[in-house]
Every structure is written in structure tokens, then in C-alpha cells.
Amino acid sequence: MSQKSNFTQMSLSELRSYVLANRNDQEAWKEFTSRPRPNAIYFDGNLPLSKEKKKLQELIENSDKTN
């Protein structure tokens, strides 16, 4: 019997690799999805789709300029 991994001690990158290799491990998936994403971009849920698309396009263009 294999020892259970400690998902809370894994880095986000390590946990991502583990989840990709063990897609049916619900405990690992739950830990992975509960982690904060510092680079995530959030949109107001009430924002009209046309404005959301415009904001997203601006983010892509600004990203291209910085890279």
C-alpha cells in the first residue's frame, strides 16, 4: 500500500504535475482548485460580454507589449 501524499506541502507546480498524472485523485484536485492564483485575472460577473471581450483584448495587447 502506498503512502498518501501531503498535498498541502506541495508547491502549486508540484501539485499541478501530480494532478495531471493522477486525474482521479479527488483529494489532490480539491487542494489544487482551492489554491490562490496570484496571476489570475477576474472579471465582474455582471459585466456585459462585449465589455468583457474588450477588457480581455486590452489585457492580451498589454501582455504582448511587456513580453
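The following paragraphs examine the structure supplied in this document. (Residues numbered from 1 in each chain as written. Predicted model: local features only at pLDDT ≥ 70, side-chain atom pairs only at ≥ 80, totals over all residues. Heavy atoms only, no water.)

A closer look at the overall build of the chain
Right, so step 1: Regarding its fold elements, the chain presents three helices and zero strands.
Right, so step 2: Taking 2.2 N^0.38 as the reference for a compact globule, 67 residues should give roughly 11 Å; the C-alpha atoms of the chain span a radius of gyration of 17 Å, well beyond that estimate.
Right, so step 3: Taking the principal axes of its C-alpha atoms as reference, the chain extends roughly 55 × 30 × 20 Å.
Right, so step 4: Buried residues in the chain amount to 13% of all 67 residues.
Right, so step 5: When contacts within the chain are restricted to residue pairs at least 6 apart in sequence, long-range pairs at least 24 apart make up 18% of them.
Right, so step 6: A total of about 6,100 Å² of accessible surface is found on the chain, and carbon and sulfur atoms cover 50% of it.
Right, so step 7: One way to put it: in the chain the 11 positive side-chain charges average out to a point 2 Å from where the 9 negative ones average out. (Helix = DSSP H or I, 4+ residues; strand = E, 2+ residues; numbered from the N terminus. Rg over C-alpha atoms; globule rule 2.2 N^0.38 Å. Buried < 20%, exposed > 50% of the residue type's maximum accessible area, 1.4 Å probe, protein only. Contact = heavy atoms within 4.5 Å. Areas by Shrake-Rupley, 256 points an atom, 1.4 Å probe, with all protein chains shown as cover. Lys, Arg positive; Asp, Glu negative; His and termini not counted. Charge placed at Lys NZ, Arg CZ, Asp CG, Glu CD.)

A few points about the nonpolar core
Right, so step 1: Ranked by size, the top nonpolar core spans six residues in total: F7, M10, L15, V19, A28 and F32.
Right, so step 2: Elements supplying a minimum of two residues to this core: helix 1 (12-21) and helix 2 (26-34).
Right, so step 3: The contact partners of F7, leaving out residues within four places of it in the chain, are L15, Y18, D25, E27, A28, E31 and R35. (Core = buried A, V, L, I, M, F, W, Y, C linked by side-chain atoms within 4.5 Å.)

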